[in-house]
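# Notes for the structure review
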Amino acid sequence: MESKTFWECNKAYILTALGLGVVGFVFVGFMMIMDWGYLIQYTMHMMIGDTSGVLTAPASELEQMVNAAFGPAYNSVAPEIIRASNERQEYIWYVFFAEIMIFVFLYVKNGRLTPTITRPDDMVQVLTPFQRTVIWLNIGMILMLVLTGFNITWSLRSDGGDLPRLLREFHELTGLAWIGVWLVFTVIAAKDLKGWRKNTLFRHILPGSFKPSKRVIWFFYAAMGAGLCFSGAMIITLHPSSLTHADVIQFRRVLLYLHFGASVLIMFFILDFVYASAISVKGYLKGLWTGSYPREYLEQVAPDVLEDLKKAGRQ
Amino acid sequence: MTRMKFYCDDYRCIDCNGCVVACKEAHEIPVGVNRRRVITINEGIEGKQKSLSVACMHCSDAPCQKVCPTDCFYIRTDGIVLHDKDKCIGCGYCLYACPFGAPQFGHEGIFGVKGVMDKCTFCAGGPDDTLSETEFEHYGQNRIAEGKIPMCASMCSTKALIAGDASEVDKIYEYRTAKRGGNTSLKPYGWEAYNNGK
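## Thoughts on the overall build of chain A
- Helix and strand counts for chain A come out as 13 helices and two strands.
- Across the 315 residues of chain A, 41% fall into the buried class.
- Within chain A, residue pairs in contact and separated by at least 24 positions form 76% of the contacts whose partners lie at least 6 positions apart.
- Of the accessible surface of chain A, which amounts to about 17,000 Å², a share of 70% is contributed by carbon and sulfur atoms.

Spelled out as structure tokens, the structure:
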């Protein structure tokens, strides 16, 4: 059996950590105006159930009144929300452009794998109807969420109005519905965990073991999806009245920031997935619909899936 | 140049909520939306209980305007911050950016969907035709156009809530504070909140 070095085994994880580390360092160090000390302390307070944002007892009557009337520590989180909102409107195009440039570079460097299929009738059933339903629901909902979510950013161009308002409402409704789909996919994503792999139920949901690079995408899908589902659901349901405003506004600000951050990261890795499964290799979209793939396609593009199907006795 | 401002004297406010009721009644504001609210701290503690009437403070450098993705806010030459409900998409970003919790979102229809934003207009209406029915339906009374001060301030029984030209309001604040032996260099609640986080 071929032995692999640590670098070969963990290359995807190391490169992802390095890339995110560099981007994170630049953002946190030079662009963000968040009070990180406050945010860390606040997060610890939240963990013990205190979401008010008041970290220390007010030192003066003025501070006590400000906390009660307006909510605490405005300058800790809100200016960062304002900055991030503005930058999403102005600079989101540059983020997409940079990401596409990365893929163009990879495409030029690595080329495209186009499998040769000589026996088109030799098909292998890979995906069950349940899996295909979940996949298509996920594709549809994510497309809808991206379009309606970024609609908020784009509505500056459309001058607001009824259509962007309707799309904003649709974003919330679709987001709530997506929680279930995300959960099923998260189970799929976690199937590679050692303990879960032994469980026949999870093995049945999605056969095939992923390469580390694909596993990174799944991990981010699961983690960022959790952030989006939690923050989105809380933002919708935890709407303050005029009298509860001061109690919840800081919590909502942090949730919105989590929503912003998670949406950026999940978008990056979804685009990464699209590149990995349809650009860097010739995709087989028909397989997502019928559930069957040519055996030669799997042998050349995803031999690990074929191997797992054999082990599971489905071949 | 004239800049319109509110000032609430916490030594005079008695938590009667008259301003809240007057505002809701004057502008026919639906249930669940309060353009103005009264906050009380240390309730029941003798000598320490204080109340404050809070609404949009019509910031000079309004963060709601900065953050709005549809650019629905505009600031009049007299400093009153208004918004266009036909442009608002109800995203709620202004709520996160506002230091005072002024933006309000009602729930519309049988499903209680979040509606567009509503906030204190300083009784100055909105972008629709002045004193038209449409303006009233969207924004309530336009008392400023009629030469009147906002309803909340006009009916405040203890004159805790004052509205008008900032320089005039500031004079009243300084007079009252000096009379009480207070520090006049400290600004009223909300006047500096956005700038220094207090």
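## What about the interface of chain B and chain A?
- Of the residues lining the interface, 48 residues belong to chain B; the matching set on chain A comes to 39 residues.
- Taken together, both faces of the contact between chain B and chain A bury some 3,800 Å²; the carbon and sulfur share is 61%.
- Seen at the junction of chain B and chain A, the total is one salt bridge.
- Lysine 50 of chain B is the partner of glutamate 61 of chain A in a salt bridge, and the nearest nitrogen-oxygen pair spans 2.5 Å.
- Applying the counting criterion to the chain B and chain A interface returns twelve residue pairs in polar contact (both at pLDDT 80 or more).
- For the side of chain B that touches chain A, the secondary structure elements donating two or more residues are strand S2 (37–41), strand S3 (50–54), helix H2 (63–67), helix H3 (93–97), strand S6 (104–108), strand S7 (113–118) and helix H7 (193–196) of chain B.
- Looking at side-chain class alone, the side of chain B that touches chain A contains 25 nonpolar, 13 polar and ten charged residues.

## Concerning the packing of helix H4 (residues 74–110) of chain A against helix H10 (residues 245–279) of chain A
Residue and element names in this part refer to chain A.
- It is the contact of H4 with H10, at a shortest axis distance of 10 Å, that shows an interaxial angle of 5°. Looking at the two axes, H4 sits roughly parallel to H10.
- Taken together, the residues of the contact of H4 with H10 break down into 18 nonpolar, three polar and six charged.

## Digging into the side chain of histidine 83 of chain B
- Inspection of the secondary structure assignment puts histidine 83 of chain B in strand S5 (residues 81–83).
- Polar side-chain contacts of histidine 83 of chain B include one of 2.9 Å to the backbone oxygen of methionine 117 of chain B.

## Some details on the environment of valine 146 of chain A
- Inspection of the secondary structure puts valine 146 of chain A in helix H5 (residues 129–158).
- Residues valine 146 of chain A and leucine 62 of chain A, spaced 84 residues apart in sequence, show a C-alpha to C-alpha distance of 43 Å.

## Describing the nonpolar core
- Membership of the largest hydrophobic core comes to 48 residues, with the highest contact counts inside it found for Phe70 of chain A together with Phe6, Leu52, Phe73, Ile80, Phe122 and Leu161 of chain B.
- The residues touching leucine 161 of chain B, leaving out its near neighbours within four places in the chain, are Phe6, Tyr7, Cys8, Cys19, Arg36, Ser53, Cys152, Ala153 and Cys156 of chain B.
- Among the nonpolar cores identified, the runner-up in size contains 35 residues, and Val134, Phe220, Tyr297 and Ala302 of chain A belong to it.

## Overview of the pattern of salt bridges
Residues and elements named next belong to chain A.
- Tallied over the full model, the rule gives 18 salt bridges over all chains.
- With a closest N to O distance of 3.3 Å, arginine 119 and glutamate 296 form a salt bridge. Placement of the pair is arginine 119 in the loop between H4 and strand S1 (123–125) and glutamate 296 in helix H12 (residues 295–301), with a sequence separation of 177 residues.
- Classification of glutamate 296 as buried rests on a relative accessible area of 7%.
- The partner of glutamate 172 in a salt bridge is arginine 168, with the nearest N and O atoms 3.1 Å apart. Taken together, the residues span about one helical turn, with glutamate 172 and arginine 168 both in helix H6 (residues 162–189) at a distance of four residues.
- Under the relative-accessibility criterion, glutamate 172 is labelled partly exposed at 22%.
- Here the residues in one salt-bridge network are Arg119, Asp122, Arg295 and Glu296, joined through shared partners.

## Considerations on the pairing of strand S8 (residues 161–165) of chain B
Residue and element names in this part refer to chain B.
- With four of five residues buried, S8 is to be regarded as a mostly interior element.
- Pairing analysis gives five bridges linking strand S1 (residues 4–8) to S8, with the strands arranged antiparallel. Bridged to cysteine 8 within S8 is leucine 161.

## Focus on the state of the cysteines
- Applying the stated criterion across every chain, the model contains zero disulfides over all chains.
- Between cysteine 120 of chain B, a free cysteine, and cysteine 56 of chain B, which holds the nearest cysteine sulfur, the sulfur-to-sulfur gap is 5.5 Å.

## Quick look at the confidence of the model for chain A
- In the predicted model, chain A carries a mean pLDDT of 84, and 90% of its residues have values of at least 70.
- The weakest mean pLDDT in chain A belongs to helix H7 (residues 194–197) of chain A at 50; the strongest belongs to helix H2 (residues 36–47) of chain A at 93.

## Things to note about the packing of aromatic side chains
- This structure, assessed with the given rule, holds 18 aromatic pairs over all chains.
- Put simply, the rings of Trp178, Phe185, Trp218, Tyr221 and Phe273 of chain A pair up and form one aromatic cluster.
- Note that arginine 36 of chain B overlies the ring of phenylalanine 6 of chain B, its terminal NZ or CZ placed 4.5 Å from the centroid.
- Its end group placed over the ring of tyrosine 11 of chain B, lysine 50 of chain B keeps NZ or CZ at 4.1 Å from the ring centre.

## As for helix H1 (residues 6–31) of chain A
- Taking 1.5 Å of rise per residue, the 26 residues of H1 of chain A would be expected to cover 38 Å, and the 35 Å separating its terminal C-alpha atoms lies within 8% of that figure.
- The largest bend along H1 of chain A measures about 50° and falls at alanine 12 of chain A.

## A look at the packing of H4 of chain A against H5 of chain A
All names here are of chain A.
- Between H4 and H5, the shortest axis-to-axis distance is 10 Å and the interhelical angle comes to 120°. You can see that H4 and H5 cross each other, and the crossing is left-handed. Together, Arg88, Gln89, Ile92, Trp93 and Phe96 of H4 and Gly149, Phe150, Thr153, Trp154, Leu156 and Arg157 of H5 make up the contact between the two elements.

## Considering a nonpolar patch on the surface
- On the surface, a nonpolar cluster with roughly 740 Å² of combined accessible area is contributed by Val22, Val23, Phe25, Val26, Phe27, Val28, Phe30 and Met31 of chain A.
- You can see methionine 31 of chain A is positioned in helix H1.

Conventions used here
- Along each chain, numbering runs from 1 in the same order as the chain's sequence is written.
- Whichever chain is written first becomes A and whichever ligand is written first becomes 1, with later ones labelled in order.
- Side-chain atom pairs in this predicted model are given and counted only at pLDDT of 80 or more, local residue features only at pLDDT of at least 70, and totals for whole chains, interfaces and linings cover all residues.
- Water and hydrogen atoms were dropped before computing side-chain values, which therefore reflect all heavy atoms in the structure.
- By definition, any uninterrupted DSSP run of H or I lasting at least four residues is a helix, any uninterrupted run of E lasting at least two residues is a strand, and each is numbered from the N terminus.
- Relative accessibility thresholds used throughout: buried, under 20% of the residue-type maximum; exposed, over 50%; partly exposed, between the two (1.4 Å probe, protein chains only).
- We call two residues in contact when some of their heavy atoms are within 4.5 Å.
- Each accessible area value is a Shrake-Rupley result obtained with a 1.4 Å probe; residue values ignore everything except the protein chains displayed when judging cover.
- Computed with a 1.4 Å rolling probe, the buried area is the accessible surface lost when two parts are put together, summed over both parts.
- In the sections that follow, a salt bridge refers to a side-chain nitrogen of Lys or Arg positioned within 4 Å of a carboxyl oxygen of Asp or Glu.
- Polar contact is defined as a pair of N or O atoms within 3.5 Å, subject to the rule that within protein one atom must be able to donate a hydrogen and the other to accept it, and that residues adjacent in sequence are counted only when both atoms are side-chain atoms.
- Polar here means any residue outside two lists: the nonpolar Ala, Val, Leu, Ile, Met, Phe, Trp, Tyr, Cys and Pro, and the charged Asp, Glu, Lys and Arg; Gly therefore counts as polar.
- Simply put, an axis is a line fit to the C-alpha atoms, just over the touching stretch for a helix, and the angle between two N-to-C directions goes from 0 to 180 degrees.
- For classification purposes, angles smaller than 35 degrees are called roughly parallel, those larger than 145 roughly antiparallel, those between 65 and 115 roughly perpendicular, and all remaining angles oblique.
- We define a nonpolar core as any set of buried Ala, Val, Leu, Ile, Met, Phe, Trp, Tyr and Cys residues linked to one another through side-chain atoms lying within 4.5 Å.
- Paired strands, as defined in this entry, are two strands with at least two bridges between them according to DSSP.
- Working definition: a disulfide is two cysteine sulfur atoms within 2.5 Å of each other.
- Values of pLDDT, ranging from 0 to 100, describe the predictor's confidence in every residue of the model.
- Here a Phe, Tyr or Trp ring, Trp counted by its six-membered ring, pairs with any other such ring whose centre lies within 6.5 Å, and the pair is stacked when the planes are under 30 degrees apart, edge-to-face when over 60, and tilted otherwise.
- Remark: a charge is flagged as sitting over a ring if the NZ atom of Lys or the CZ atom of Arg is within 6 Å of the ring centre and within 35 degrees of the ring normal.
- The span expected for a helix works out to 1.5 Å for each residue beyond the first.
- Across the chain, bend at a residue is computed as the angle between axes fitted to the seven residues ending at that point and the seven starting from it.
- Working rule for handedness: look at the near helix, and if it is turned counterclockwise from the far one by less than a right angle, call the crossing left-handed; if clockwise, right-handed.
- Exposure above 30% relative accessible area and the lack of any salt bridge qualify a residue for a patch; like charges then connect within 9 Å, and the nonpolar side chains Val, Leu, Ile, Met, Phe, Trp and Tyr within 5 Å.

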